[in-house]
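Next come the chains, spelled out residue by residue.
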Amino acid sequence: MSSQEEILNDERFSCITRDPRFWEIPEKERKIKIDKRFRAMFHDKKFKLKYTVDKRGRPVNYTSTEDLRKLYALSESDSDLSEDDSKEHTEKKKKKKKAKPKGETDS
């Protein structure tokens, strides 16, 4: 790490620390904001690919959904909606599982 400090202290490279072209982009600005119309791509089966090998043939275990989450973010107002929708989605699944058998009736 001392070599990196030497580079930053060297007057030939001092402009790099002040020049915005060389600054790292914050993660909030790096991700592309999408609205609620496209939030289905995070959980829809059509957008999900499961990879078993990478492009060089090495075994891997990840899905394309992870890549989508790295590149895209829901817009601020829509992210709250998506959390609510995901909760509703899980609640609907639970209700379907808790459905009463056909033999029982309500009194």
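Predicted, not measured: the structure shown is a model, and the values here were computed from it.

Quick notes on the overall build of the protein
And then number 1: Helix and strand counts for the protein stand at 5 helices and 4 strands.
And then number 2: Ordering the α and β elements of the protein from the N terminus gives α-α-α-β-β-β-α-β-α.
And then number 3: Across the 107 residues of the protein, 12% fall into the buried class.
And then number 4: Counting contacts in the protein only where the partners sit at least 6 residues apart, residues at least 24 apart contribute 48% of the total.
And then number 5: Approximately 10,300 Å² of the protein is accessible, and the part contributed by carbon and sulfur atoms is 53%.

Concerning the pattern of salt bridges
And then number 1: Per the counting criterion, the structure on display carries 5 salt bridges.
And then number 2: Salt-bridge contacts for R21 lead to D19; the nearest nitrogen and oxygen are separated by 2.6 Å.

Section: the confidence of the model for the protein
And then number 1: Averaged over every residue, the pLDDT of the protein is 75; the share at 70 or more is 69%.
And then number 2: By mean pLDDT, the top-scoring element of the protein is strand β1 (residues 32–34) (89), and the lowest-scoring one is helix α5 (residues 76–97) (55).

Structural notes on the environment of T17
And then number 1: Along the chain, the position of T17 falls in helix α2 (residues 14–18).
And then number 2: By relative accessible area, T17 is classed as partly exposed at 41%.
And then number 3: Those residues within four positions of T17 in sequence are excluded, and the remaining contacts are L8 and W23.
And then number 4: In terms of polar contacts, T17 uses its side chain to reach the backbone carbonyl oxygen of S14, at 2.9 Å.

Conventions and cut-offs
Residues numbered from 1 in each chain as written. Predicted model: local features only at pLDDT ≥ 70, side-chain atom pairs only at ≥ 80, totals over all residues. Heavy atoms only, no water. Helix = DSSP H or I, 4+ residues; strand = E, 2+ residues; numbered from the N terminus. Buried < 20%, exposed > 50% of the residue type's maximum accessible area, 1.4 Å probe, protein only. Contact = heavy atoms within 4.5 Å. Areas by Shrake-Rupley, 256 points an atom, 1.4 Å probe, with all protein chains shown as cover. Salt bridge = Lys/Arg side-chain N within 4 Å of Asp/Glu carboxyl O. pLDDT = per-residue confidence, 0-100. Polar contact = N/O pair within 3.5 Å; in protein donor to acceptor, adjacent residues only side chain to side chain.

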